[in-house]
Amino acid sequence: MTFTRMFVRLGACLHRLPKRNAQPPALWPPGITRGPCAASRTQHTASHSKSCLWQLREDYFELSVSGLLMRFDYVWLRDHCRSASCYNTKTNQRNLDTATVELGIRPSNIRVDEETLFLTWPDGHVTRFNLSWLVQNSYEGQKQRAVQPRILWNSEIYNEAKVPAISCEGFMTSDEELKQFLKTFLLYGIAFVEDVPPTLEATETVAQRVSLIRETMYGRVWNFTSDFSRGDTAYTKLALDRHTDTSYFQEPCGIQVFHCLRHEGTGGRTLLVDGFHGADKVLKEAPGNFEQLSRVPIKHEYIENVGAYHNHMIGVGPVLNVYPWNNELYMIRYNNYDRAVINTVPHDTVQRWYVAHRALTTELRKPENELWVKLKPGKVLFIDNWRVLHGRESFTGLRQLCGCYLTRDDVLNTARSLGLQA
Ligand SMILES: C[N+](C)(C)CCCC[C@H](N)C(=O)O
Ligand SMILES: O=C(O)CCC(=O)C(=O)O
Ligand SMILES: [Fe+2]
């Protein structure tokens, strides 16, 4: 919806740009230069026109490449100079002391050929930008692309996708298999590894293939049962409605790993719901509700005083967390058990928030959005705890679940090192 508006705006602006070889109208303020690039450029998107046009505006540099209109602030252009003196390509770190750049800086000379933008600054320093680098790194480029491409699912979509199972052997030994696993995980927010020995040690080894383990007050790798050894409903036989874990951390754990080592009894199936699918429905049906959930800060809390365990955790943040530049959802914090007192907004906002929260809950509870699985020894489940909600059916008998949390940064790091977009 925002995109449609943007394209309209973009079209209008492009219209104002001069056509190739057009003469500047006499009314242009002196000192403003404009021109076409020397020649047409190679493409990113075949459907776009190959033209490249630029204009030196008073406050910014305007560049249109293959139909994408971009605006660059002059300080930004100076600050992002990739010359050897400004940028160390060995460490990928900036050398330039940005504080020495005059904020009103403007180039004294500018030139664009088919591949490169050349800027000469008042002190004689020359900055070169590859045009495709500018397209890649511009705000306008970022605005149009998802940081993380995903397939939003309900149970039918997930089941019909027939996501291939990854076996432990291949997962542990082949980078290609690991990549396949992570690709699935990034797309769907859940992924399974099969034929894992039903032990805590093997679960730990499998988890470490993907990431560093995130230790919490529950331990590093946990193995829990319904013994109420900790002050939380997870340690009972009760059903647990869909939720994300550690909503009471300032940064909730990125990934949760589950491996059921043993269950002699009935029930105990695991429930999985794609929170982003639910949020997307809310956005499409009532954008105002989505906005409430992405704006109102909500506290979650974990207070435990059981045995030797004394913990008090507080995390604050909206239920829906979006990137401000493209409105892309990147984290959902949803846990009605652990949600704390709402006292960060006045009463009228509170009422609107409850309406929005109800709309999201209704969506998340629709049976068609529920994926039920019975975890069996040997089958390790990875859940994106920033996206997919989990829950469980009540159960009888001895049920032993082991697992751990993973550091999100390290999972994404592994994915990127294998060439995946993350
Ligand atoms: C997974 N493990 C059993 C160790 C902890 C469970 C934590 C449960 C908590 N209410 C939450 O949702 O974060
Ligand atoms: O027992 C289960 O299946 C899951 C319980 C739970 O929500 C958790 O441990 O985070
Ligand atoms: Fe949980």
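Definitions and cut-offs
Residue positions are given per chain, counted from 1 along the sequence in the order it is written. Starting at A for chains and at 1 for ligands, labels are handed out in the order in which the entities are written. Residues qualify for local features only when their pLDDT is at least 70, as the model is predicted, and side-chain atom pairs are given and counted only at 80 or more; totals for whole chains, interfaces and linings, by contrast, use all residues. As a rule here, side-chain values cover all heavy atoms of the structure and leave hydrogens and water aside. UniProt positions are given in the numbering used here, feature names are shortened, and annotations may be inferred rather than shown by experiment. Metal coordination here is assigned from N, O and S atoms located within 2.8 Å of the ion, or within 3.2 Å for Na, K and Ca; omission of water means that sites may look incomplete. The numbering of helices and of strands both runs from the N terminus, where a helix is a DSSP run of H or I of at least 4 residues and a strand a run of E of at least 2. For each residue, the accessible area found with a 1.4 Å probe, counting protein chains only, is set against the maximum for its type, and the residue is called buried under 20%, exposed over 50%, and partly exposed in between. Throughout this document, a residue counts as near a molecule or strand when at least one of its heavy atoms sits within 4 Å of that molecule or strand. The Shrake-Rupley method, run with a 1.4 Å probe, gives the accessible areas here. Residue values count only the displayed protein chains as cover. Definitions used for this entry: grid spacing 1 Å over protein atoms alone; cavity, a set of points where a 1.4 Å probe fits but cannot get out; pocket, an open set with protein on both sides within 12 Å along at least 5 of 7 lines; lining residue, one with an atom within 4 Å of a point. The rule for placing a molecule in a cavity or pocket is simple: more than half of its atoms must lie within 2 Å of the grid points. Gly is placed with the polar residues, together with every amino acid not listed as nonpolar (Ala, Val, Leu, Ile, Met, Phe, Trp, Tyr, Cys and Pro) or charged (Asp, Glu, Lys and Arg). Two N or O atoms count as a polar contact when they lie within 3.5 Å, although within protein this holds only if one can serve as hydrogen donor and the other as acceptor, and sequence-adjacent residues are included solely when both atoms are side-chain atoms. Confidence scores here are pLDDT values: one per residue, from the predictor, ranging 0 to 100. Contacts are residue-level and defined by heavy atoms, with any inter-residue pair within 4.5 Å sufficient.

As annotated in an unreviewed UniProt entry, the chain carries the name Trimethyllysine dioxygenase, mitochondrial and is attributed to Acipenser oxyrinchus oxyrinchus. According to its UniProt record, the chain has this under Sequence similarities (unreviewed entry): "Belongs to the gamma-BBH/TMLD family." Its UniProt record gives the chain a comment under Pathway (unreviewed entry), which states: "Amine and polyamine biosynthesis; carnitine biosynthesis."

Trainee: Help me out: how do you make sense of the coordination of the iron ion (ligand 3) in this one?
Mentor: Ideal donor angles around a metal are set by the shape: a four-donor tetrahedron calls for 109.5 degrees, a six-donor octahedron for 90 or 180 degrees. At this site the iron ion (ligand 3) is bound by His243 (NE2), Asp245 (OD) and His390 (NE2), with donor distances of 2.1 Å. Counting the intervening residues between successive donors of the iron ion (ligand 3) yields the motif H-x1-D-x144-H. Here Asp245 is found in the loop between strand S14 (240-243) and strand S15 (255-264), whereas its partner His390 is found in strand S23 (residues 388-392), with 145 residues between them in sequence. We classify Asp245 as buried; its relative accessible area is 13%. Assessed through its relative accessible area of 5%, His390 is described here as buried.

Trainee: Would you take a moment to explain the site of ligand 1 for this structure?
Mentor: Surveying the vicinity of ligand 1 reveals 14 residues, the closest of which are Asp232, Thr246, Tyr248, Asn335 and Asp338. Summarising the interface, the protein chains cover 95% of the accessible area of ligand 1, which totals 380 Å² for the free molecule. More than half of the atoms of ligand 1 fall within 2 Å of the grid points belonging to the second largest pocket. Classifying every residue of the shell around ligand 1 gives seven nonpolar, four polar and three charged.

Trainee: Hey, could you run me through the site of ligand 2 in this one?
Mentor: Close contacts around ligand 2 come from Phe224, Ala234, Leu240, His243, Asp245, Gln256, Phe258, His390, Arg392, Arg399 and Leu401, and that covers them all. In the environment of ligand 2, an oxygen atom lies 2.8 Å from a nitrogen or oxygen atom belonging to the side chain of Asp245. In isolation ligand 2 exposes 300 Å². Once the protein is present, 95% of that is buried. When each cavity is represented as a set of grid points, ligand 2 is found to reside in the second largest pocket. Listed by contribution, the elements that provide at least two residues to the shell around ligand 2 are S14, S15, S23 and strand S24 (398-406). For the shell around ligand 2, a count of residues per class yields five nonpolar, three polar and three charged.

Trainee: Help me out: how do you make sense of the UniProt feature "domain: Gamma-butyrobetaine hydroxylase-like N-terminal" (unreviewed entry) in the chain in this one?
Mentor: The positions UniProt marks with the feature "domain: Gamma-butyrobetaine hydroxylase-like N-terminal" (unreviewed entry) are residues 70-134. From the first C-alpha to the last, residues 70-134 spans 9 Å; its make-up is 15% helix and 34% strand.

Trainee: So what exactly am I meant to see when it comes to the confidence of the model for the chain here?
Mentor: In low-pLDDT segments, the atomic positions of the prediction should not be examined closely. Per-residue pLDDT for the chain has a mean of 90; in total, 89% of the residues score no lower than 70. Model confidence for the chain, summarised as mean pLDDT per element, is weakest for helix H1 (residues 2-16) at 30 and strongest for strand S16 (residues 270-274) at 99. Between residues 1-31, whose pLDDT stays under 50, and residues either more than four places distant or in other chains, the model counts 32 contacts. Segment residues 39-49: pLDDT under 50, and 21 contacts once partners within four positions in sequence are set aside and those in other chains are kept. Interface scoring of the predicted complex returns ipTM 0.99; its pTM is 0.89.

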